[in-house]
Amino acid sequence: MPEPRCPICGKPAAPREKGRKTAHPFCSERCRQVDLGRWLSETYTVPAVDPEDQEEGR
Ligand SMILES: [Zn+2]
């Protein structure tokens, strides 16, 4: 099995532990927060499409 790598910094990811929250699949809690922040900012920059604004060719 390939060693999991942190998608943020490329270091070996933290091991996954049963019954415990770890930073997996990131290397550390810090990288996990970085990814979370990135994901949130992406969702904010994507223009929200309101279905009610789309008229159906009337
Ligand atoms: Zn990392």
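What counts, and at which threshold
Residues numbered from 1 in each chain as written. Predicted model: local features only at pLDDT ≥ 70, side-chain atom pairs only at ≥ 80, totals over all residues. Heavy atoms only, no water. Salt bridge = Lys/Arg side-chain N within 4 Å of Asp/Glu carboxyl O. Buried < 20%, exposed > 50% of the residue type's maximum accessible area, 1.4 Å probe, protein only. Donors = N, O, S within 2.8 Å, 3.2 Å for Na, K, Ca; no water. Tetrahedral: all angles 85-135°; square planar, octahedral: opposite > 155°, others 65-115°. Helix = DSSP H or I, 4+ residues; strand = E, 2+ residues; numbered from the N terminus.

(A) Broad picture of the pattern of salt bridges. If you walk through the whole model with that rule in mind, you get two salt bridges. E17 is the salt-bridge partner of R20, the closest N and O atoms lying 3.1 Å from each other. Judged by its relative accessible area of 56%, R20 falls in the exposed class. Since its relative accessible area comes to 35%, E17 is described here as partly exposed.

(B) Inspection of the coordination of the zinc ion at higher detail. At this site the zinc ion is bound by C6 (SG), C9 (SG), C27 (SG) and C31 (SG), with donor distances of 2.3 Å. Viewed at the metal, the four donor atoms of the zinc ion are separated by angles of 103 to 120°, and the geometry they form is tetrahedral. Coordination of the zinc ion draws on donor residues from a single chain, spaced C-x2-C-x17-C-x3-C in sequence. You can see C6 sitting in the segment before helix 1 (29–45) and its partner C27 sitting in the segment before helix 1, a full 21 residues away along the chain. When its relative accessible area of 3% is taken as the criterion, C6 is described as buried.

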